[in-house]
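Observations on the model geometry
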Amino acid sequence: MKDMTKGSPIRLILGFAIPLFFGMLFQQFYNLVDTLIVGRYLGVNSLAGVGSTGSVNFLVIGFCMGICVGFSIPVAQRFGAGDEAGLRKYVANCVWLGLAFAAVMTFVTVVFCRDILLLMDTPGDIIEYAYAYIHVIFMGIPTVFLYNILSGIIRALGDSRTPVIFLVISSLTNITLDLLFIVRFQMGVSGAAWATVISQGMSGILCLVFIIKKFEILRISREEWKPDVHLMRNLCGMGIPMGLQYSITAIGSVVLQTAVNALGSMAVAAVTAGNKIVMFACCPFDALGATMATYGGQNVGAKRLDRVDQGLKVGTAIGCIYAIGILAVLWLFGSGIALLFVDAREKEILANTQLYVLINAALFIPLVIVNNFRFMIQGLGYSKFAVIAGVCEMAARASVGFFLVPVFGYVACCFASP
């Protein structure tokens, strides 16, 4: 456990964010390896099919992850305040709410999976690939809740290193299963999805075993396991707005994906490959944002508000330095990185992938500011603000999809996220 209410902010932020960054880096391997192996072994249509599910995947899985991040904030605040009994009660109620949300969301998404793809105007030549992939991913929603709730609790107590170790193990498992299911067993894109779900479940189980064995503070009594409506209301007040932030933002992405789908499978493949590279490059920004939430939560719990301003300045400076560095790397080596996803003979897809990556990377500094300030505000307890921020992102992306892509084509897609 790490107390972030005392000591040098820059040392604490870097010490917390670096392991978290590696965790997110390995988490990206789930989707990255899927995309790489699917593109190489199953072809462009399979790649486009998996890629066309990216926005709806973000819409649903992002909502699940946002809820879990929100649930961890009251835990961090109780830890910062030194309220161990309150901390345990919040953790117990996180579990009950997680079970309920996982059951409902799995049922709804599995039942309406094909209808969602049809509503998004998924091209006919890739819709079966898209369905085979995302249907399995939705069946694995319980594993998303398992890992993200438990890893969020571990991080709320100041330990960002242990979840990384578990993700490394599960990522290596994911790579092995991808090759086994796709290359050996010829399971197609559904094999990639099953590899992701199984690996995610493994990392969640490892978190559970670690908590049981290592955290004395989380030895929950029978009395503390009783559902508490007041605590559940507080958790939902934090979790649902953060889930909505992810989902509302993703609605804009769904509208944008629908517009990209109308440009054909070649454009879908380029956006898919480019988005994978950009998401990989954005891991440090996500790690800094998550660090701001825990840092802010612990310090507001301890009433150390003077440290909040210091943390924001340090986190923003770190993020801007990285943004400049990664832009240079992608400018020099972006075309080579794209070859990991697309065959060298696909000249048009390669050129469009590089264009997508460079336009996004050129505007990474605003992303630093968005992530750090928004997550800090959430950590302080103002989670409903996230909904407003999400609405703004949704409006921007939807506007690009509705108005700009039909006029300017592929180039407009590259500017949607920035």
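Coordinates for the structure precede this section.
The present account deals with the structure reproduced in this document. Remember, it's a predicted structure, so these values are computed and weren't measured experimentally.

1. Regarding the overall build of the protein
Of the regular secondary structure elements, the protein holds 17 helices and zero strands. Taking 22 Å as the expected radius of gyration for a compact globule of 418 residues, we find that the protein reaches 21 Å, a close match to that expectation. When the backbone C-alpha atoms are referred to their principal axes, the protein occupies close to 60 × 40 × 35 Å. Of the contacts formed within the protein by residues at least 6 apart in sequence, a portion of 85% connects residues at least 24 apart.

2. As for the packing of aromatic side chains
On inspection of all chains with the given rule, the structure shows eight aromatic pairs. When the ring of Phe 402 is compared with that of Phe 403, the centres are 6.2 Å apart and the planes differ by 50 degrees; the resulting orientation is tilted. In terms of burial, Phe 402 and Phe 403 fall into one category: exposed. Among the aromatic residues, those joined into a ring-pair cluster are Phe 166, Phe 210 and Phe 215.

3. A word on unusual backbone geometry
Phi angles above zero are rare outside glycine, and Asp 121 is one such case at about 60 degrees. In this structure Asp 121 comes out as partly exposed when scored by relative accessible area, which is 46%. A positive phi angle, near 60 degrees, is found at Lys 303, a position not held by glycine. For Lys 303, the position within the fold is in the loop between α12 (283-301) and α13 (306-338).

4. Focus: the nonpolar core
If you look at the biggest cluster of nonpolar residues, it comprises 61 residues, and the most contacted ones within it are Phe 145 and Leu 218. For this core, the element with the most residues is helix α3 (residues 54-81), which contributes eleven residues. If we skip the residues at most four places from it in the chain, Phe 145 touches Cys 64, Ile 67, Cys 68, Gly 98, Phe 101, Ala 102, Met 105 and Leu 150.

5. Remarks on the pattern of salt bridges
All chains considered together, the criterion is met by seven salt bridges. Note that Arg 88 and Glu 224 form a salt bridge whose closest N and O atoms lie 3.1 Å from each other. Placement of Arg 88 in helix α4 (residues 84-111) and of Glu 224 in the loop between α9 (189-214) and α10 (229-262) is noted, with a sequence separation of 136 residues between them. Assigned by exposure class, Arg 88 and Glu 224 land together as buried. Here Arg 304 makes a salt bridge to Asp 306, at a shortest N to O gap of 3.4 Å. Residue class for Arg 304 comes out partly exposed when judged on its relative accessible area of 31%.

6. Let's talk about the environment of Ala 395
Here Ala 395 is to be found in helix α16 (residues 384-408). The exposure class of Ala 395 is partly exposed, given its relative accessible area of 38%. Once the C-alpha coordinates of Ala 395 and Ile 248 are considered, the two residues, 147 residues apart in sequence, prove to be 9.1 Å apart.

7. Describing α4
Look at α4: 41 Å from first C-alpha to last across 28 residues, which is about the 40 Å you get at 1.5 Å a residue. Where α4 starts, the residue carrying a side-chain oxygen 3.0 Å from the main-chain nitrogen of Gly 86 turns out to be Asp 83.

8. Some words on the packing of α4 against helix α7 (residues 141-156)
Following both chains from N to C, one finds α4 and α7 inclined at 155 degrees, their axes separated by 9 Å at the closest point. By the angle between their axes, α4 is roughly antiparallel relative to α7. Note on packing geometry: the crossing formed by α4 with α7 is right-handed. Here Val 91, Cys 94, Gly 98, Phe 101, Ala 102, Met 105, Thr 106 and Thr 109 of α4 come into contact with α7, specifically with Ile 141, Pro 142, Phe 145, Ile 149 and Ile 153. For the contact of α4 with α7, the per-class residue count stands at ten nonpolar, three polar and no charged.

Rules used throughout
- Residues numbered from 1 in each chain as written.
- Predicted model: local features only at pLDDT ≥ 70, side-chain atom pairs only at ≥ 80, totals over all residues.
- Heavy atoms only, no water.
- Helix = DSSP H or I, 4+ residues; strand = E, 2+ residues; numbered from the N terminus.
- Rg over C-alpha atoms; globule rule 2.2 N^0.38 Å.
- Contact = heavy atoms within 4.5 Å.
- Phe/Tyr/Trp six-rings, centres within 6.5 Å; stacked < 30°, edge-to-face > 60°.
- Buried < 20%, exposed > 50% of the residue type's maximum accessible area, 1.4 Å probe, protein only.
- Core = buried A, V, L, I, M, F, W, Y, C linked by side-chain atoms within 4.5 Å.
- Salt bridge = Lys/Arg side-chain N within 4 Å of Asp/Glu carboxyl O.
- Expected span 1.5 Å × (residues − 1).
- Polar contact = N/O pair within 3.5 Å; in protein donor to acceptor, adjacent residues only side chain to side chain.
- Axes fitted to C-alpha atoms, helices over the stretch in contact; angles between N-to-C directions.
- Parallel < 35°, antiparallel > 145°, perpendicular 65-115°, else oblique.
- Left-handed = near helix turned anticlockwise from the far one by under 90°.
- Nonpolar A, V, L, I, M, F, W, Y, C, P; charged D, E, K, R; others polar.

By themselves, these figures tell us nothing about what the structure is for.
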